[in-house]
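In case you want the letters, here they are:
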Amino acid sequence: MCGRTSCHLPRDVLTRACAYHDGQGRRRLPEWKDPDKYCPSYNKSPRSDSPVLLSRLHLEKGADSSERIIAPMRWGLVPSWFKESDPSKLQFNTTNCRSDTMMQKRSFKSGSIGAINSPEDWEKVWNNWRLLTMAGIFDCWEPPEGGDLLYSYTIIT
């Protein structure tokens, strides 16, 4: 299981590393949602924000599904059905999701959960190094009393 990650690249380098080919085969760079929330770090822990690459369609209805966007998300899934006003009151660990049991766990079942998928062609940004990509699922939680939406994710192990 993952307990720490690292994402310390400058924002422009990370953007280039996430280059993809759109539906017409053109090489594109993803746009950022809330780019100022990106905080490079060698020591990312659960409950911290990390950049997640996903289809724009997950965040914008009617968008081209081949377009990609980078969005900051909290590591540790907060399911959309969670009713408390404070996500830290979630009684179980959702930083990792076991692939062999994920379909039986209620926390990983929701109509708004989408798969985090990776582009097929990653640009090599520096000498023979590539980004480590991980599969995951995400959800969007809305505080019961209103307020900012919280996008969060879990890593499939």
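Data block above holds the structure.
Here the structure is a predicted model, which means the values were calculated and not measured.

**Describing unusual backbone geometry**
Across the chain, the bulk of peptide bonds are trans and the bulk of non-glycine residues have phi less than zero.
1) Next: Within the chain, Asp 34 stands out as a residue other than glycine whose phi angle is a positive 55 degrees.
2) Next: Within the fold, Asp 34 resides in the loop between strand E4 (31-32) and strand E5 (41-44).
3) Next: At Arg 47, a position not held by glycine, the phi torsion is positive, near 75 degrees.
4) Next: Mapped onto the fold, Arg 47 is located in the loop between E5 and strand E6 (49-55).

**Regarding the nonpolar core**
1) Next: Grouped together as the largest cluster of nonpolar side chains are ten residues: Val 52, Leu 54, Ile 69, Ala 71, Met 73, Trp 75, Phe 138, Tyr 151, Tyr 153 and Ile 155.
2) Next: Breaking this core down by element, the ones donating at least two residues are E6, strand E7 (68-75) and strand E11 (150-156).
3) Next: Sort the elements by how many residues they give to this core and E7 lands first, with four residues.
4) Next: Counting nine residues, the second-largest nonpolar core is a separate cluster that includes Cys 7, Leu 9, Val 13 and Trp 32.

**Points about the side chain of Thr 15**
1) Next: Tracing the sequence through the fold places Thr 15 in helix H1 (residues 11-17).
2) Next: A residue is classified by how much of its surface remains accessible, and Thr 15, at 11% relative accessible area, is buried.
3) Next: A polar side-chain atom of Thr 15 sits 2.8 Å from the main-chain carbonyl oxygen of Arg 11.
4) Next: Once residues lying within four places of it in the same chain are set aside, the contact partners of Thr 15 are Leu 29, Pro 30, Trp 32 and Ile 70.

What counts and how
Residues numbered from 1 in each chain as written. Predicted model: local features only at pLDDT ≥ 70, side-chain atom pairs only at ≥ 80, totals over all residues. Heavy atoms only, no water. Helix = DSSP H or I, 4+ residues; strand = E, 2+ residues; numbered from the N terminus. Core = buried A, V, L, I, M, F, W, Y, C linked by side-chain atoms within 4.5 Å. Buried < 20%, exposed > 50% of the residue type's maximum accessible area, 1.4 Å probe, protein only. Polar contact = N/O pair within 3.5 Å; in protein donor to acceptor, adjacent residues only side chain to side chain. Contact = heavy atoms within 4.5 Å.

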